[in-house]
Amino acid sequence: MSTEERVRAALEERRAVVNEAIRDQLPVKRPERLYEASRYLLDAGGKRLRPTLLLLVAEALTDTHPRDESYRSFPDLGEEPVDVMSAAVSIEVIQSFTLIHDDIMDDDDLRRGVPAVHREYDVETAILAGDTLYSKAFECMLATDAPPEREVRALEELATTCTEICEGQAFDVDFERRRDVTTDEYLEMVELKTAVLYAAAAAIPAILLGADEATVDALHGYGIDIGRAFQIQDDVLDLTTPSETLGKQRGSDLIEGKQTVVTLHARDHGVDVDGLVATDDPGAVTEATIEDAVAKLEAAGSIDYARDLADELVASGKARLERLPDNEARALLCDIADYLVEREY
């Protein structure tokens, strides 16, 4: 099997149990409209990559063969049961909360092939749905039945992660108004906005299961590295993948004037990035215009720079996994790292 096939099989194997857990821990109740809106994106689909990563870390850390133990009563490093599925649901619920609020801020129409929550319902309901998911994530993390000191530590990790996501979003908004953003600043923004949730997904099961601090730190670093690589690959795919595959206008980041690691490198190497696309109206941009822009970025070495940087981050992330036992679950965590930069979208 290829890396992609192995990752897709791992995701598929766990998606059903994660989805069932989401339904159990986030039931639709009164007021129905609020909880229907809260569940709307969760029910619309998604790979469940982050909760799968969390479950795989639990399996790798305890040297448990994948799917041999119930995630609701998973043996920790002292053989005491911990509900790691509740932690996995918590992470996925935070992800959905961020998507709802992102779509409101960006005034996007679609998410996961369906109308965004604020389009399907209304802005007020969408804001409340996002806030509800944020609160429910902490309720889920309190349901792991881990020893109290570990549960508190996991809650601290989750709270810090949520704060950092908001900081990253604020940086992203600020960068839209600036033309002096550095690559280091961009990578910091990516770490905060995107990578920290991968880091939480990797570190929290280690905390709950009683791993030592060095292992928790290594797993957190793994999540940061692959999360950064994931976003950089998105930057590249936005330029190199056909619109019909992307599900949106190819080169939309360029059209909207968004800063990416590709355009920052190009600007530093003399490319007139602002002049690559003469209009911010997607309907007025032709495929030939995007092709010409991409050719200039390729000539400047900017796309190769981004790909090389993503590859370096993946290699760093995989190296951090050497703290874990050598088993099938650890191999799948390495596969996920590779998949994030090899995927076509």
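Above this text sits the structure in question.
### Let's talk about helix H6 (residues 123-141)
An α-helical segment advances 3.6 residues per turn. Residues three or four places apart therefore align on the same side.
Thought 1: For H6, which comprises 19 residues, the first-to-last C-alpha distance of 28 Å matches the rise-based estimate of 27 Å (1.5 Å per residue) to within 8%.
Thought 2: All of the buried residues in H6 are Thr 125, Ala 126, Ala 129, Gly 130, Thr 132, Leu 133, Lys 136, Ala 137, Phe 138, Cys 140 and Met 141.
Thought 3: Looking at the buried side of H6, the elements it contacts are helix H1 (3-25), helix H2 (32-44), helix H4 (84-106), helix H5 (117-120), helix H7 (148-175) and helix H8 (183-208).

### Section: the packing of aromatic side chains
Thought 1: Per the counting criterion, the structure on display carries 6 aromatic pairs.
Thought 2: Centre to centre, the rings of Tyr 40 and Tyr 121 are 5.8 Å apart; their planes meet at 90 degrees, and the pair counts as edge-to-face. Taken together, the residues Tyr 40 in helix H2 and Tyr 121 in the loop between H5 and H6 connect sequence positions 81 residues apart.
Thought 3: By relative accessible area, Tyr 121 is classed as buried at 19%.
Thought 4: Put simply, the rings of Phe 97, Tyr 134 and Phe 138 touch in pairs and so form one group of aromatic residues.

### Some words on the nonpolar core
Thought 1: One finds Leu 53, Val 84, Tyr 222 and Leu 333 to be the most contacted residues of the largest nonpolar core, which totals 112 residues.
Thought 2: The element contributing the most residues to this core is H8, with 17 residues.
Thought 3: If we skip the residues at most four places from it in the chain, Tyr 222 touches Leu 53, Ala 202, Gly 317, Lys 318, Arg 320, Leu 321, Leu 333, Ile 336 and Ala 337.

### Looking at the side chain of Asp 253
Thought 1: Examined against the element boundaries, Asp 253 turns out to sit in helix H11 (residues 252-256).
Thought 2: No salt bridge is formed by the buried Asp 253; its nearest oppositely charged neighbour, Lys 258, is found at 4.5 Å.
Thought 3: Not counting residues up to four positions away in its chain, the partners in contact with Asp 253 are Asp 235, Asp 238, Lys 258 and Thr 260.

Each value, and the rule that gives it
Every chain's residues receive numbers from 1 upward, in the order its sequence appears when written. Reporting in this predicted model follows two pLDDT cut-offs: at least 70 for local features of residues, and 80 or more for side-chain atom pairs to be given and counted; totals over whole chains, interfaces and linings ignore these cut-offs and use all residues. Excluded from the side-chain calculations are hydrogens and water; all other atoms, namely the structure's heavy atoms, are used. Under the DSSP-based scheme used, a helix requires at least four consecutive residues in state H or I and a strand at least two consecutive residues in state E, with every element numbered from the N terminus. Here the expected length of a helix is defined as 1.5 Å per residue gap, with one fewer gap than residues. Buried, partly exposed and exposed residues are distinguished by accessible area as a fraction of the type maximum, computed with a 1.4 Å probe on protein chains only: under 20%, between the cut-offs, and over 50%, respectively. Residue contacts are defined here by distance: any two heavy atoms, one from each residue, within 4.5 Å place the two residues in contact. Planes of paired rings set the category: under 30 degrees apart is stacked, over 60 is edge-to-face and the rest tilted, where pairs are Phe, Tyr or Trp rings (Trp by its six-membered ring) whose centres lie within 6.5 Å. For the purposes of this section, nonpolar cores are sets of buried Ala, Val, Leu, Ile, Met, Phe, Trp, Tyr and Cys residues that join through side-chain atoms within 4.5 Å. His is not counted here, nor are the chain ends, while Lys and Arg score as positive and Asp and Glu score as negative. Whenever Lys or Arg places a side-chain nitrogen within 4 Å of a carboxyl oxygen from Asp or Glu, that contact is recorded as a salt bridge.

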